[in-house]
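Given next are the chains, with one letter for each unit.
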Amino acid sequence: MMWMSTNIFYSRGVSLNMSWIREGELNLIEKLSANILKAGPMPKHVAFIMDGNRRYARKRQMERQEGHTQGFDKLAETLRWCLNLSIHEVTVYAFSIENFNRSKDEVDGLMELAKQKFIRLLEEQENLEKHGVCIRVLGDLTLLPLDLQQHIARAVVATRTHNKCFLNVCFAYTSRHEIANAVREMAWGVEQGLIKSSDVSEALLSQCLYSSNSPNPDLLIRTSGEVRLSDFLLWQTSHSCLVFQSVLWPEYSFWNLCDAILQYQLNHRPLQKARDQHREGQALQQHEADRACVADLLQHHGNGKPLDAQRRQEALLNYTASREERVQDFLGVLQHKRDSFLTDLTSQAALA
Amino acid sequence: MTKNQNSHLMYKINTDNLPNHLAIIMDGNGRWAKQKGFLRTLGHESGSKSVKKIIKECSDLGIGFLTLYAFSTENWNRPKLEVDTLMRVLINSLKKELPTLLENNIKMNAIGNLEKLPKNAQKELQDVINKTKDNTKMTLTLALSYGSREEIVNVVKIISDKVKNNIISIDTIDDSIINEHLYTHNLPDVDLLIRTSGEHRISNFLLWQIAYAELYFTDVLWPDFKQQDLHEAIISYQKRERRFGKTSEQIK
């Protein structure tokens, strides 16, 4: 029974329904290279645009669907390499909202593949728990077939508390859609009086994105030779190292990954400097914004007499504290909305 | 066709497939100056010569929109001498280049938090914008005191206030509403983004607008960037297949 359920048949032969978790260590040479790399700065979060499945299938004269299946296998293998390299967070671009424009056959095939993979994921819960893998799916799930939504919800809820490594799968995703969603949430927050318009900041916007639980990627890798972002993590990769490799995704090797990491290491210093500068600039800007708000408040509510420096400082500290509390409460409401959406799907799935 | 004897690549450019909107991150002035043993400020002066050359070349080629990352929000944190020099170079360039813009039918545009610029720079900029507003051949946009994330945060504030005042309803907030409120609302999306000086990152420039742009990274430092380097970038762009999420078969 179990053997049967782990097989998917294709017109050109049998392909095993491969696992999300690959056991196994690096071989000696790979281990040596890994240790050399690890002596330098390592990315903690790597994002992949896994491009080239279809071209690979054409090259090997396979069915296109087989290209996608092998692409998934390569993902599992790459995750294993990342863990061996102590890279604990990976984000992948699995399906763009723009891909819905492809032929019905291809879209249906991809939806079916995704369904099988998430079902398989649930069968591997013990293994996922053992390795502490947390799976998140980023995107507009409401665009997907309901049964797929339910499988995804179950997988995400089942692995929610794991915290050794994180896999973020962007599915039914585009960055602009993600940003538009965050804008709607913040506009709603202002409309409801949960936050003020002046509370809106880069930090708050980052917290309203689907990726709110992750730090920004250090390194973005795109395979198959295209040199563009294709509406992927536009906000989050502002200061990421971008590496474009011509290898097709299903052919990606451990050495390709090492090469990309080497690029990251070569660019690391100016990158880190740029990030730090941006962060410092942001902190300063927030401080200035708080000061302006306090000055405004005092002008409108004060008794006309200017406050001394100490009172002004107190007012500023109070304002900052209340702003932070307001923002935290708002984010709590958003988180609750998201959690409810997922739990509703899982209880629907249970009843079905 | 331009009479540019310096680039043998000119004949390879397909004038039917030019990037409509070209954006450039003009990086490398400081590094160039350091390599030559000059002060950074001289690097910026030299960089402004490249700017002039490239604006003319883009206009001659027939590119519709050119956007240059002239001064970022992060640049305000540089040493005062450098910031003052950059502002001085900006004002002088605007004054000096106005005749060229008029001659070549180029419209001046600016994006960014322009109120942070010194008053004399704002005045000079507005003057050039006013005098070139009826030009039609190419729109030249200078990104000054610009940060993409700040631009987007600004959009959120404006939209939130409109929602609060019942001008927009939340349900209608989508990509195009956001686009309408960006500094770049009257510009098309970027087709090609060039970054000079070898850094492989975007650094907070037009993050939204480059969603489907081809990216071109070159090690050439900005003061050394010539017409030939521009031609190479455009030829690279023309070799690429742009699919916007579809398959190769679908775009044929």
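The structure displayed is predicted, hence computed values, not measured ones.

1. A word on the environment of Gly24(A)
- Structurally, Gly24(A) can be placed in the loop between strand 2 (13-16) and helix 2 (28-38).
- For the pair Gly24(A) and Trp81(A), spaced 57 residues apart in sequence, the C-alpha separation works out to 9.4 Å.

2. Structural notes on the pattern of salt bridges
- If you walk through the whole model with that rule in mind, you get 37 salt bridges over all chains.
- Measuring nitrogen to oxygen at the nearest pair gives 3.1 Å for the salt bridge that ties Arg291(A) to Glu288(A). Taken together, the positions of Arg291(A) and Glu288(A), both in helix 10 (residues 254-301) and three residues apart, correspond to about one turn of that helix.
- A relative accessible area of 43% means that Arg291(A) is categorised as partly exposed.
- Of the residues examined, Glu288(A) reaches a relative accessible area of 40% and is grouped as partly exposed.
- One salt bridge connects Glu199(B) with Arg31(B), and the closest N-O pair in it is separated by 3.3 Å. In this pair, Glu199(B) sits in the loop between strand 5 (192-195) and strand 6 (214-217) while Arg31(B) sits in helix 1 (residues 29-36), placing the two residues 168 residues apart along the sequence.
- We classify Arg31(B) as partly exposed; its relative accessible area is 35%.
- When salt bridges with common partners are traced through the structure, they connect Asp51(A), Arg55(A), Arg222(A), Glu226(A), Arg228(A), Glu214(B) and Arg240(B) into a single cluster.

3. Comments concerning the environment of Met26(B)
All names here are of chain B.
- You can see Met26 is positioned in the loop between strand 1 (21-25) and helix 1.
- Sequence separation between Met26 and Val51 is 25 residues, and the spatial gap between their C-alpha atoms is 8.6 Å.
- Setting aside its immediate chain neighbours within four residues, Met26 contacts Val51, Leu68, Tyr69, Ala70, Thr196 and Trp222.

4. What to know about a nonpolar patch on the surface
- Where nonpolar side chains cluster on the molecular surface, the patch consists of Leu28(A), Ile29(A) and Trp255(A) and spans about 380 Å² of accessible area.
- For Ile29(A), the location among the structural elements is in helix 2.

5. Considerations on the interface of chain B and chain A
- On the chain A side, the residues contacting the 47 residues of chain B number 50 residues.
- Both faces combined, the contact of chain B with chain A buries some 4300 Å², and carbon together with sulfur accounts for 54% of it.
- Three residues stand out in chain B for area buried against chain A, namely Arg149(B), Arg201(B) and Tyr212(B), and they jointly supply 16% of the buried area on that side.
- Across the contact surface, chain B and chain A share three salt bridges.
- The residue Glu202(A) makes a salt bridge to Arg149(B) at a minimum N-O spacing of 3.4 Å.
- On the surface where chain B and chain A come into contact, there are 16 residue pairs in polar contact (both at pLDDT 80 or more).
- Elements with a minimum of two residues in the side of chain B that touches chain A: helix 5 (148-164), helix 6 (175-181), strand 6 and helix 8 (248-251) of chain B.
- Residues of the side of chain B that touches chain A, tallied by class, amount to 18 nonpolar, 11 polar and 18 charged.

Thresholds applied
- Residues numbered from 1 in each chain as written.
- Chains lettered and ligands numbered in written order.
- Predicted model: local features only at pLDDT ≥ 70, side-chain atom pairs only at ≥ 80, totals over all residues.
- Heavy atoms only, no water.
- Helix = DSSP H or I, 4+ residues; strand = E, 2+ residues; numbered from the N terminus.
- Salt bridge = Lys/Arg side-chain N within 4 Å of Asp/Glu carboxyl O.
- Buried < 20%, exposed > 50% of the residue type's maximum accessible area, 1.4 Å probe, protein only.
- Contact = heavy atoms within 4.5 Å.
- Patch = residues over 30% accessible without salt bridge, like charges linked within 9 Å, V, L, I, M, F, W, Y side chains within 5 Å.
- Areas by Shrake-Rupley, 256 points an atom, 1.4 Å probe, with all protein chains shown as cover.
- Buried area = accessible area lost by both parts, 1.4 Å probe.
- Polar contact = N/O pair within 3.5 Å; in protein donor to acceptor, adjacent residues only side chain to side chain.
- Nonpolar A, V, L, I, M, F, W, Y, C, P; charged D, E, K, R; others polar.

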